[in-house]
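# Examining the three-dimensional arrangement
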Amino acid sequence: MGNNEKVAVAEEEKKSVNEVVEVAIETSYVDNDDWATYRDDEVMQQHNAIQAEEAHKLPFVGDKEPLSALAAEYQSGSPIIQEKIKLLGQSFSAIRRTRGDGNCFFRCFMFAYLEHILESQDKAEVDRIKANVEQCKKTLQNLGYAEFTFEDFFALFLEQLESVMQGNETSISHDELLTRSRDQSVSDYVVMFFRFVTSGEVRRRAEFFEPFILGLSNMTVEKFCKASVEPMGEESDHVHITALSDALGVAIRVMYLDRSSCDTGSVSVNHHDFVPSISDSPNGTTNAVAAKPVMTLLYRPGHYDILYSK
Amino acid sequence: MQASRARLFKEYKEVQREKAIDSDIQLVCDDSNIFKWTALIKGPSETPFEGGVFQLAFSVPEQYPLQPPQVRFLTKIFHPNVHFKTGEICLDILKNAWSPAWTLQSVCRAIIALMAHPEADSPLNCDSGNLLRSGDLRGYQSMARMYTRLAAMPKKG
């Protein structure tokens, strides 16, 4: 992962150098106002090409792999990490990777949550989250978002939620869920739904989130949402996770795999549970909440994947 | 493709409704192609663009609204963040800060805001950017006003 990223960065740097050269040549000659010479277009195309190249390496959501696949990655790596993976092996049997495109947290959440519903067929949970989604819609309306800008994304998520419940004409299998999660026209729309929900929650409780956001980025809440939550490909931090978990009332466990260790020399894997707060909701009603984590994510600095318990 | 078409149709209806409220922006869809739009925007007051009417061309990609529209000035404009020849606009929401929460209409508003608040540190038009960065506000304003008169105002007589 780290290495791939470095290669990607190096390659991008190489490309941008080429670009500068090209631009320099271009500006001395360019003299027609055709769309064809429109540089923005080229930048976009190049961006898409890089994305397509990445797509070959790993789909948005990967296959389930045994935890040994994770160990194999660090075979000649840090002994602390190796030790921690061994510890993870006591509780977890498998990992499912997601593409490192800046949307990995939301993509993990999407797949892990829908898979949980597919397997549990928990009708009460579906009703509960639907009520919360309705609340999120009201939040965005109250914040002044035009409904037509977000309604398609909401509709598509609710459609997925319906279809993982079995016994309907539109019901889907686990394989189909995986296929859809890899299909950009579904997957990106659901990710965008989560981004809207997250942004709405952060802005609704701006006072609560403000100190955390200032600590992260020195931006105003408004600016943070516009720059770091709503645009696709912007990475998630604990602010995003807290907000999404609160807004939808879904608890998330995150296991941290990094090189930190205790002074005593003993190694343990830190984890954090994001348990939705039930205290303040917009109209005084208490949002229903599932307090037990329904998913466990593996965090390695800069990236999230899904973990499966034994 | 279908999703972008449906979204653009909603924006079309919204534009018809907002016409009366926002008289600074006239957004029109191409008769035969919903992916091509043009806009006429009024230069903001108390700027060198005041009194001018500027034409923008929108080209909307099939992945809209997950991807931003491409927008450029068709009317010549002297502004640090607009390419003097191609009309290309340097604005973060048209690139990496884009999100589907923006609309063609709100993009127009953002461009009007950019006209009033140029970012001299990320210039596409270096001559314009250099005037501002060297503190020659008078020089910048007179150049910008001249081009507004030449290109963005109806010819007299």
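About the thresholds
- Residues numbered from 1 in each chain as written.
- Chains lettered and ligands numbered in written order.
- Predicted model: local features only at pLDDT ≥ 70, side-chain atom pairs only at ≥ 80, totals over all residues.
- Heavy atoms only, no water.
- Contact = heavy atoms within 4.5 Å.
- Buried area = accessible area lost by both parts, 1.4 Å probe.
- Salt bridge = Lys/Arg side-chain N within 4 Å of Asp/Glu carboxyl O.
- Polar contact = N/O pair within 3.5 Å; in protein donor to acceptor, adjacent residues only side chain to side chain.
- Helix = DSSP H or I, 4+ residues; strand = E, 2+ residues; numbered from the N terminus.
- UniProt positions renumbered as here; feature names shortened; annotations may be inferred.
- Buried < 20%, exposed > 50% of the residue type's maximum accessible area, 1.4 Å probe, protein only.
- Core = buried A, V, L, I, M, F, W, Y, C linked by side-chain atoms within 4.5 Å.

Here we take up the interface of chain B and chain A. Counting from both sides, the interface comprises 29 residues of chain B and, opposite them, 24 residues of chain A. Where chain B abuts chain A, roughly 2500 Å² becomes buried across the two surfaces, and 58% of that area is made up of carbon and sulfur atoms. Counting every contact that joins chain B to chain A gives 2 salt bridges. The shortest N-O distance in the salt bridge between K10 of chain B and D152 of chain A comes to 2.5 Å. Our count for the chain B to chain A interface comes out at 3 residue pairs in polar contact (both at pLDDT 80 or more). For the side of chain B that touches chain A, the secondary-structure elements that each account for two or more residues are helix 1 (2-18), strand 3 (53-59) and strand 4 (70-73) of chain B. Per-element tally for the side of chain B that touches chain A: the top contributor is helix 1 of chain B, with 5 residues.

The next point concerns the UniProt feature "domain: UBC core" (unreviewed entry) in chain B. UniProt feature "domain: UBC core" (unreviewed entry): in the numbering of this structure it lies at residues 3-153 of chain B. Between the end C-alpha atoms of residues 3-153 of chain B there is a gap of 38 Å, over a span that is 34% helix and 15% strand.

Along the chain, Y64 of chain B connects to P65 of chain B via a cis peptide bond; the corresponding omega equals 5°. Within the secondary structure, P65 of chain B is located in the loop between strand 3 and strand 4. If you check the backbone angles, Q121 of chain A has positive phi at about 50° while not being a glycine. Summarising the element assignment, Q121 of chain A is placed in the loop between helix 5 (104-120) and helix 6 (123-142). The phi torsion at N218 of chain A lies on the positive side, around 60°, for a residue other than glycine. By secondary structure assignment, the location of N218 of chain A is in the loop between helix 10 (206-217) and helix 11 (221-229). Given a relative accessible area of 67%, N218 of chain A falls into the exposed group.

Look at the UniProt record and you will see "active site" (unreviewed entry) annotated at C90 of chain B. Mapped onto the elements, C90 of chain B comes out in the loop between strand 4 and helix 2 (104-116).

Moving on: the nonpolar core. One finds F109, F194 and L248 of chain A to be the most contacted residues of the largest nonpolar core, which totals 58 residues. Ranked by residue count, the leading element in this core is helix 5 of chain A, at 12 residues. Core analysis: the second largest hydrophobic core is formed by 41 residues, W102, L132, Y140 and A152 of chain B among them.

Moving on: the UniProt feature "active site" (unreviewed entry) in chain A. Residue and element names in this part refer to chain A. Summarizing the sequence annotation, UniProt attributes the feature "active site" (unreviewed entry) to D101, C104 and H303 in the numbering used throughout. Across 203 residues in sequence, these annotated residues keep their C-alpha atoms within 9.2 Å of one another, forming a single compact spot. As for its placement among the helices and strands, D101 is situated in the loop between strand 2 (92-98) and helix 5. Sequence-distant contacts of D101, that is, excluding residues within four places in its chain, are made with F60, R107 and G233.

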